[in-house]
Amino acid sequence: MFDETGNSYIDAISSWWVNIHGHSNPYIAEKINQQAQILEQVIFTNFTHKPAVLLAERLIKILPGELSKIFYSDNGSTAVEVALKMAIQFWLNKGISGRNKILAFEHAYHGDTFGAMSVSGRGLFTNAFRDLLFDVVFIETPDAGNMDKIKSIIESHQEQIAAFIYEPLLQAAGGMRVYEAKHLDNLLDFVRSQKILCIADEVLTGFGRTGTLFAGESIHHPADMICLSKGLTGGFMPLGVTACSQTIFDAFLSEDRAKTFFHGHSYTANPLACAAGIASLELLLEKSCLNRINEIQNQHEQFVQKELSKVSGDYFLNIRILGTILAFELNAGKNGYTNQVGPEIMKLALKEGIYLRPLGNTVYLMPPYCISKEQLKKIYRFILEIPFRLTT
């Protein structure tokens, strides 16, 4: 990126995790330009168009599980809202009342609209609206020691729970919290045995972030719905997707208008955004891009093994790598988003031509896949200098 005076900056976090191919990718830009000459926008009620159909068909082919339908919206939050509403109305359409609660993880983040906030962990981001959020059944992320406790909570609410929403493998805004696929698999096995719908929020983890195209590929039990956004259009246009199974869709397919899913946005399936999504997906599936994803993970691992883990003083804590994501805590004050070491690091990094935006004292890298090895090395060098440059 370049500022108004021409200074350049490496975007080490893909501008909130969306620019998977870097900024102003010429291929995506050209495809948007071509689409703008054909159709820029049309109402998506009773109409469709080629970019929406093509993108849906291509997503269905690569999404984990047996998903068959795509519902478009505007962003990650709305993709989650759509999934929550689908889940609750699904049971009503099936003639089953009382299943209107959502099961979710503590420390989760699913968006900033009211439904998405409700299923997010209670804390700094939601405190101002706490009294307005609907009740949710919260559980811990699973590990080797808490499954019995989690199962007991679920069993006590089983007849009320419509769906379980989860961020697979990584709770990003919650502090880049990584948990193991095998424990999530055990949990999903139990949840599905309780006839609870499963919603995978892959708004962040989708499109290669965790090393596979989707985090769900690391899990044996597929979701009934998957939420997508962020990397979907390569950072060019806002677009959200909620993919669902045929079983979900069939519950709404009826001549009875009361069973209609009454949800739509003015810019639902905008043709320009869909064209960007198709172009971004084409780039992602190229062998060179898939190889680069693996190379970034390997470079992270080499940096951690040979340099970061050998720094004395226990300054870099809980170092973890998940695909293209590298994260750790700084041993500098209280853990949490409000730790002022984060803004200080951001300012120091900008002076070095690097854009980082730590979550408090949690520092993370989530670079575009086009980042060069030398650019990553520059970021690594800055990280190693952090203990000597902080004033706090």
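In case you missed it, the structure is sitting above this.
Residues numbered from 1 in each chain as written. Predicted model: local features only at pLDDT ≥ 70, side-chain atom pairs only at ≥ 80, totals over all residues. Heavy atoms only, no water.

Considering the overall build of the protein chain
- Along its length, the protein chain carries 12 helices and 14 strands.
- Scaling as 2.2 N^0.38, a compact globule of 392 residues should have a C-alpha radius of gyration of about 21 Å, and the protein chain matches this with 21 Å.
- The principal-axis extent of the C-alpha atoms belonging to the protein chain is close to 65 × 55 × 40 Å.
- When burial is assessed residue by residue, the protein chain has 53% of its 392 residues classed as buried. (Helix = DSSP H or I, 4+ residues; strand = E, 2+ residues; numbered from the N terminus. Rg over C-alpha atoms; globule rule 2.2 N^0.38 Å. Buried < 20%, exposed > 50% of the residue type's maximum accessible area, 1.4 Å probe, protein only.)

Remarks on the sheet that holds strand β11 (residues 316-322)
- Read from one edge to the other, the open sheet built from three strands follows the order β11-β12-β14, with strand pairing classed as antiparallel. Either end of the sheet is taken by a strand with one partner, and the two such strands are β11 and β14 (362-365). Here the strands of the sheet are splayed against their neighbours by 15° on average, with no regard to which way each runs.
- Bridging between β11 and strand β12 (residues 325-330) involves five bridges; their strand directions are antiparallel. Its bridge partner lying in β12, F316 is registered against L330. (Pairing = 2+ DSSP bridges. Axes fitted to C-alpha atoms, helices over the stretch in contact; angles between N-to-C directions.)

Some words on the side chain of N25
- Considering the arrangement of structural elements, one finds N25 in the loop between α1 (14-17) and α2 (26-36).
- Every residue in contact with N25, bar those within four places of it in the chain, is listed here: F236 and L283. (Contact = heavy atoms within 4.5 Å.)

Let's talk about empty space enclosed by the protein
- Enumeration over the complete set of coordinates arrives at one cavity of 30 Å³ or more.
- A volume near 80 Å³ is recorded for the largest cavity.
- Along the walls of the largest cavity sit P64, Y166, P168, L188, A200, E202, G216, I219, H221, P222, A223 and I226, which together make up its complete lining.
- Of the residues contributing to the lining of the largest cavity, the split by class is nine nonpolar, two polar and one charged. (1 Å grid on protein atoms, 1.4 Å probe; cavity = no way out; pocket = protein on both sides within 12 Å on 5 of 7 lines; lining within 4 Å. Points joined across faces, edges and corners; volume = space filled by probe spheres on them. Nonpolar A, V, L, I, M, F, W, Y, C, P; charged D, E, K, R; others polar.)

Concerning the layout of surface pockets
- Counted as a void, the largest pocket has a volume near 1000 Å³.
- Taken together, 32 residues make up the lining of the largest pocket; nearest its centre are F44, I70, F71, F249 and F261.
- Mapped by element, the contributors of at least two residues to the lining of the largest pocket are α3 (50-62), β2 (67-73) and β10 (240-245).
- If one sorts the elements of the lining of the largest pocket by residue count, β2 sits on top with five residues.
- Among the residues forming the lining of the largest pocket, the class breakdown is 15 nonpolar, 12 polar and five charged.
- In this structure, the second largest pocket spans a volume of roughly 650 Å³.
- Surrounding the second largest pocket, 32 residues form its lining, W16, W17, Y109, V203 and K230 being those nearest its centre.
- For the lining of the second largest pocket, a count of residues per class yields 17 nonpolar, nine polar and six charged.

With respect to helix α7 (residues 181-193)
- Compared with an ideal rise of 1.5 Å per residue, which puts 13 residues at 18 Å, α7 spans 18 Å between its outermost C-alpha atoms and is within 8% of the ideal.
- The complete set of buried residues in α7 reads H183, L184, D185, L187, L188, F190 and V191. (Expected span 1.5 Å × (residues − 1).)

A few points about the packing of aromatic side chains
- Scanning the entire structure with this criterion turns up 15 aromatic pairs.
- Geometrically, the ring pair formed by F44 and Y72 is edge-to-face, given 6.1 Å between the ring centres and 80° between the ring planes. Placement of F44 in the loop between α2 and α3 and of Y72 in strand β2 is noted, with a sequence separation of 28 residues between them.
- Measuring from ring centre to ring centre gives 5.6 Å for F105 and Y179, while their planes differ by 80°; the resulting arrangement is edge-to-face. You can see F105 sitting in strand β3 (residues 101-105) and its partner Y179 sitting in the loop between β7 (177-178) and α7, a full 74 residues away along the chain.
- An aromatic cluster is defined as three or more aromatic residues linked by ring pairs; in this entry it consists of F105, F164, Y166 and Y179.
- Cation over ring: R99 sits above W91, and NZ or CZ is 4.3 Å from the ring centre. (Phe/Tyr/Trp six-rings, centres within 6.5 Å; stacked < 30°, edge-to-face > 60°. Lys NZ or Arg CZ within 6 Å of the ring centre and 35° of its normal.)

Such coordinate-based values are descriptive only and should not be taken to indicate function.
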